[in-house]
Every structure is written in C-alpha cells, then in structure tokens.
Amino acid sequence: MTAAVLVATPPLAVLDGVRLLHGVLDRMGDGRGGRGSTSVGRAIAEVDRAIRRLQGLRLSVVAAADEIDVAGDSGMTGTGAWLAAHTRADGSAAAADVRLATALEEDLPATRSALAAGDVSTEHAAVIAAATKQLPAGLSPDETRAIEAALVARAKLVDPGTLRKSARRALSVAQRSTAAVDAHEDSVLRSQDEAAWSRTRLTMHDHPDGTTTGHFTVPTLAAAILRKTVQQMASPRRFADRAAAAGATTAATQRAAFAEVHWAQRYGQAFVDLLEHLPTDRLSGKVAATVVVTVEHDRLREQLGAAHLDTGQDVSAGTARRLACNAGLLPAVLGRRSLPLDLGRAERFFTEAQRVALATAYDTCAASGCDRPYAWSELHHHASWSEGGGTDLDNAIPLCGHHHRRIHDRGYHHRVALDERGTKTVSYSRRT
C-alpha cells in the first residue's frame, strides 16, 4: 500500500498572487451564469468574502510600507501621502487606512486574522480598532484579548452599525460591574458627541441664477431631526393637498402630479418651506435672526419690482409680499399685559420680550471672559426648570452656545456671581 505524499506549496509573493488573480478574473463570467436565487446568493457571498480578504491583504501591504518607511524613500510627508499618490485616493481616507493598518498589525491579531479570512470587513475592523482604543486603562492583556475576540465574534454576525452599539458595552466581557460598564458607555458617547460637535460645518455658495448650494456636516441627532421633519413635510398627503389647491380635482390627477416630482426636489421644496417658517420666538433675537426686507409700499401692494434684503440680495416684490403674510411684529413697549416679563411656571421658555429686557443689562455672554455678543446667547434658567425654577428675569442667565453646553457638562463646576446691578457672571472650573 502506497502512502500519499503531501508537498507543501510555498507561499506566493503578493505581486505574483495578484497577477494570477487577475488572470482568473479575466476568465470569469459577468455573474449572470446562475439564474437561481440560491446560486446567486452563494455567488455574492463568496465574491464579498474575496473582496474582504483582498482588503485585508491591502492593509497588510500598507502596514509593511509604513514599517519600512517607503514615504521617506520618496521624500513624501508620510505613509498616508504615499498611499494617496499610489492609489489616487482621498488624502484623509488614505490616512485612515494607514491608522487601521498599523492598529491591526500592532494590537489586533484576532481582527487581522478574521479580516484575512474574509469573515469581517474593514468597516468592522475599524469599529473594533476604535472600541479597543477607547477601553479604560488598567485592563490586563488577557482582558483586552478577550474583548477583541468577543467583538470579532460579534462582527461575524452583525453589520458595523450594530457592532458599534455592542462595542460601547464591551467592558462587560472583562467581568466589570454594571456601573463600570455604564460609566464607560457614557464616556464613549460623550466623546462621540464632542467629536461630532467639533466636526460640524456649514458652507454655502450663491449662484447668479438665484439659487444657493451648500454642504453641511452635523451631529447625527440633528440630522435625524431634520430628516424626519423634511420627510413629514414632503409626505404624499401634504403634496396632494397642494395639488388640490392648485386645481388638481381628482385623486388620479393628484397622484400624477406627485409622481412627476422627484423625491430630491420634494425634499428640497420642503426644506425651503421649513427655512421660510422657522420660528424666531426662541432664537437669540428677532433683530439678529430675522432677514430684513426693504420694499416701497407701492411695490409691495402691486407686487412689481424688487425688494432688497439686508443680506445683500434682491427678491421680487411678490416674494416679499408672500413672506410678509407670515411676518410677526414686536411691539416697542414692554411690560404691558400682552408681554409679561415674569412668567413663573406658566411657560417653559423665555419670551422675546424678556430677551429684549435683558439686553439692557448684558452686552455679551455672562461667562467670565467671554466676548460673544448677547445676541448670540441662549437664556439659561439659573434655578433649573426641572427643579422648580421659574421663567423670570431674575432667574435668567444669557450664555453663548459653548458656555451653555458647558454649564450642563458634569465634567465642570460652575459658580454664579451677582454684582450690585443684578448682573450675573458665570465662572467654570474642571472637576478633578
């Protein structure tokens, strides 16, 4: 009886292996060979696994490039710049790839192996890298490895978003108390909130055709509020009401009118409605927050000609008249029964009249050393509303957005000082 002899195949160099892979891909079909749902499902799963394995290989090459300092050989500023140049990738994306590659190589062996096997994606790996980096100090190497292994096992079952939520409570794997796990999750979420706020941006560019384009980055909570509001405003029922008002008498005609408008346009028009009807009663002040329209009375009446905005643009007199239908007027006399200055517990929010009254006492935010103007401030209840504080002038403290968030930050103490005029000053100190 002859025994079979197994000869180990030497590993291929990366370049040789990729060349062979290109040859295999050239001989493959276009994915339309199998018509059954089972075969197509298996095909997409295996193609996706192969892509993940290649992504793992790519990150291993990036880690090797960083280790031997290929960027220095070519005079580039770093491995991220070198990678961006060689792959025509965005610089920030390339830098993120380098960070993930080095983290996998140095600290995450289980994640690296799972990615190499195609069991997890680079998105999963990035979640695990971020989660392990946020772990509190004092964990043993065995505890850290156990947490990574648990996250890898979870990553094989869920999408990256669900994994991110699970990762916030990864400390439970190390047999920490519920209170410790809760505290760690709270710390992670607070860091996420602070990072999201620091990355918040809004840019706008005016075009000569009367439109403006822009780009914004906001915390996900704020985006969720905007998305839900715009979707509600652009709902089919609301659009049908508009179509009916415009003369579409039958349901079929209304549906046809709705179908003719692309969703992006519906959302855009709903966003315009939202902007034009933003309430000013809870903003920092009507003078600071309201666009002032200047138009001659005759032009407004006849809806002819142009009206000038204090932002520098012109609109038609017809548009100015339409906006005037929703305009509010603030009486100049304060303190009458129509504009009470002390509301006690009757109202949760301070009124515009109260804001105007406080403007006589404050020029800036009440935080010590802050020079942000009073018009930018939010009115904070000195004695908290939730603890029985009233919405009265002597309980109001004007604070800019930064210092208003800080006064609710449990990481800081704050102290309120009152001078002889009744003006308050808030000072802060970090808790130790």
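All values derive from a computational prediction rather than experimental measurement. (Residues numbered from 1 in each chain as written. Predicted model: local features only at pLDDT ≥ 70, side-chain atom pairs only at ≥ 80, totals over all residues. Heavy atoms only, no water.)

Look at helix α8 (residues 141–155) against helix α9 (residues 160–167): their axes get within 10 Å of each other, and the N-to-C directions meet at 150°. One element, α8, and the other, α9, form an angle in the roughly antiparallel class. Both α8 and α9 take part in a crossing whose hand is right-handed. Residues L151, R154 and A155 of α8 form the contact with α9, whose participating residues are T162, L163, S166 and A167. Tallied by class, the residues present in the contact of α8 with α9 amount to 4 nonpolar, 2 polar and 1 charged. (Axes fitted to C-alpha atoms, helices over the stretch in contact; angles between N-to-C directions. Helix = DSSP H or I, 4+ residues; strand = E, 2+ residues; numbered from the N terminus. Parallel < 35°, antiparallel > 145°, perpendicular 65-115°, else oblique. Left-handed = near helix turned anticlockwise from the far one by under 90°. Contact = heavy atoms within 4.5 Å. Nonpolar A, V, L, I, M, F, W, Y, C, P; charged D, E, K, R; others polar.)

Looking now at a negative patch on the surface. On the surface, D66, E67, D69, D73, E105, E106 and D107 cluster together into a negatively charged patch. For the negative patch, the secondary-structure elements that each account for two or more residues are α2 (37–67) and α5 (91–107). Looking at the negative patch element by element, the count peaks at 3 residues for α5. Mapping E106 onto the fold places it in helix α5. (Patch = residues over 30% accessible without salt bridge, like charges linked within 9 Å, V, L, I, M, F, W, Y side chains within 5 Å. Areas by Shrake-Rupley, 256 points an atom, 1.4 Å probe, with all protein chains shown as cover. Salt bridge = Lys/Arg side-chain N within 4 Å of Asp/Glu carboxyl O. Lys, Arg positive; Asp, Glu negative; His and termini not counted. Charge placed at Lys NZ, Arg CZ, Asp CG, Glu CD.)

The next subject is unusual backbone geometry. Look at D69: it is not a glycine, yet its phi comes out positive at around 55°. When its relative accessible area of 41% is taken as the criterion, D69 is described as partly exposed. With a phi angle near 55°, R88 is a residue other than glycine that sits in the positive phi range. Within the element layout of this structure, R88 appears in the loop between α4 (79–87) and α5. Exposure remark for R88: the relative accessible area of 77% places this residue in the exposed category. (Buried < 20%, exposed > 50% of the residue type's maximum accessible area, 1.4 Å probe, protein only.)

We now examine the side chain of D409. Along the polypeptide, D409 turns up in the loop between α19 (401–407) and β8 (412–418). Relative accessible area serves as the criterion here: at 16%, D409 is assigned to the buried category. For D409, the residues in contact, after removing those within four places along its chain, are R190 and E194.

Before going further, it helps to examine the environment of D206. Structurally, the position occupied by D206 is in strand β1 (residues 201–206). A relative accessible area of 45% places D206 in the partly exposed class. Side chain to side chain, D206 and T212 meet in a polar contact 2.8 Å long. (Polar contact = N/O pair within 3.5 Å; in protein donor to acceptor, adjacent residues only side chain to side chain.)

Bringing the environment of L226 into the picture now. Relative to the helices and strands, L226 resides in helix α11 (residues 220–233). Judged by relative accessible area, which is 24%, L226 ranks as partly exposed. Sequence separation between L226 and F271 is 45 residues, and the spatial gap between their C-alpha atoms is 8.8 Å.

Grouped burial of nonpolar side chains is what soluble globular proteins tend to show. Grouped together as the largest cluster of nonpolar side chains are 37 residues, with contacts concentrated most on L104, I128, I147, L151 and L163. At the level of elements, α2, α3 (70–73), α4, α5, α6 (109–116), α7 (122–133), α8 and α9 are the ones that each hand at least two residues to this core. Sort the elements by how many residues they give to this core and α5 lands first, with 6 residues. Excluding anything up to four places from it in sequence, I128 contacts L108, T111, E148, L151, V152, A155 and L163. Residues A367, L399, I407 and V426 belong to the second largest nonpolar core, which totals 15 residues. (Core = buried A, V, L, I, M, F, W, Y, C linked by side-chain atoms within 4.5 Å.)

The next thing to look at is the pattern of salt bridges. Going through the model one piece at a time under the given rule, you end up with 13 salt bridges. Where D16 meets R19, a salt bridge forms, and the shortest distance between an N and an O atom there is 3.1 Å. In this pair, D16 and R19 both sit in helix α1 (residues 14–27), 3 residues apart, roughly one turn of the helix. Of the residues examined, D16 reaches a relative accessible area of 38% and is grouped as partly exposed.

Let us now look at the packing of α5 against α7. Two elements in contact, α5 and α7, have axes whose closest approach is 10 Å; the angle formed by their N-to-C orientations is 70°. Looking at the two axes, α5 sits roughly perpendicular to α7. Residues L100, A103 and L104 of α5 touch α7, and the partners they reach there are T122, A125, A126 and A129. Its residues assigned to classes, the contact of α5 with α7 comprises 6 nonpolar, 1 polar and no charged.

Take the pairing of strand β9 (residues 424–430) next. Regular strands place their side chains on alternate faces of the sheet. Bridge count between β8 and β9: 7 bridges; the pairing is antiparallel. In the strand pairing of β9, V416 is matched with V426. Between β8 and the antiparallel strand that follows it, β9, lie 5 residues; G422 among them carries a positive phi value of about 90°. (Pairing = 2+ DSSP bridges.)

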